[in-house]
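Each chain, letter by letter, is given below.
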Amino acid sequence: MMQGIIDLNHNIFFFFILILVFVLWILVRTLWHFHYKKNPILQMNVHGTTIEILWTIFPSIILMFIAIPSFALLYSMDKVVVDPTITSKAIGHQCSDEQSLTFDSYMIPEDDLDLVVVRIIVTPADVLHSWVVPSLGVKYDTVPSRLNQTSISVQRGVYYGQCNEISVSRKDYGDRVYN
């Protein structure tokens, strides 16, 4: 998913640079050709219907070409996998108890690695949290007494997740929010 986000960003930025260069070229050309010393008597152009239609339709077409792949990426991010390889539950806590998580890891050769689909269920124990793994492009907000889930596909690597929100206690929002 993160690779799709990066590719979309690069494609949009490429076209942004092309449009920027074109607009700057038109601006410099206009300033050069309509300089007051070269053209002391201004011609009054009241309406330019053709150019007004073009600069209305052309940006709309550009926005459509940006919207189609971005909507496809957005909807594929919310796709839920029915049969994940691993299910993990992350529970956010406001204060750390200095408990550590330990597990055994057995290394296997890279040729034997398969694509692993991981379903992650996130929920907070006490306050609002936001669970994020930046290198995978995953960020999900959590609300007390609610479960939120996402699916990610990974092949290999070590990925670090974290809470990405400054939490406020339940009393600051009032009990009416969570009833």
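Residues numbered from 1 in each chain as written. Predicted model: local features only at pLDDT ≥ 70, side-chain atom pairs only at ≥ 80, totals over all residues. Heavy atoms only, no water.

**Q** Give a detailed account of the sheet that holds strand β4 (residues 138–142), specifying residues and quantitative values.
**A** Strand order across the open sheet formed by three strands is β4-β3-β6, with antiparallel pairing between neighbours. Only two strands of the sheet have a single partner each, and these edge strands are β4 and β6 (162–163). Of the pairings in the sheet, the one linking strand β3 (residues 129–133) to β4 comprises five bridges and is antiparallel in character. The partner of His129 across the bridge, within β4, is Thr142. (Pairing = 2+ DSSP bridges. Helix = DSSP H or I, 4+ residues; strand = E, 2+ residues; numbered from the N terminus.)

**Q** Tell me about the nonpolar core, and please be specific about residues and values.
**A** Formed by Ala90, Val118, Ile120, Val122, Trp131, Val133, Leu136, Val138, Tyr140, Ile152 and Val154, the largest nonpolar core amounts to 11 residues. Secondary-structure elements contributing two or more residues to this core are β2 (116–124), β3, β4 and β5 (148–154). The element contributing the most residues to this core is β2, with three residues. Excluding its chain neighbours within four sequence positions, the residues that come into contact with Leu136 are Met2, Ile152, Val154 and Tyr159. (Core = buried A, V, L, I, M, F, W, Y, C linked by side-chain atoms within 4.5 Å. Buried < 20%, exposed > 50% of the residue type's maximum accessible area, 1.4 Å probe, protein only. Contact = heavy atoms within 4.5 Å.)

**Q** Give a description of the pairing of β2 that names residues and reports values.
**A** Of all nine residues in β2, seven are buried; the element is thus mostly enclosed. As judged from the seven bridges shared by strand β1 (residues 86–92) and β2, these two strands associate in the parallel manner. Along β2, the bridge assignment pairs Ile86 with Val118. When β2 meets β5, the two strands line up antiparallel, connected through seven bridges. For Val116, the partnering residue across the bridge sits in β5 and is Val154.

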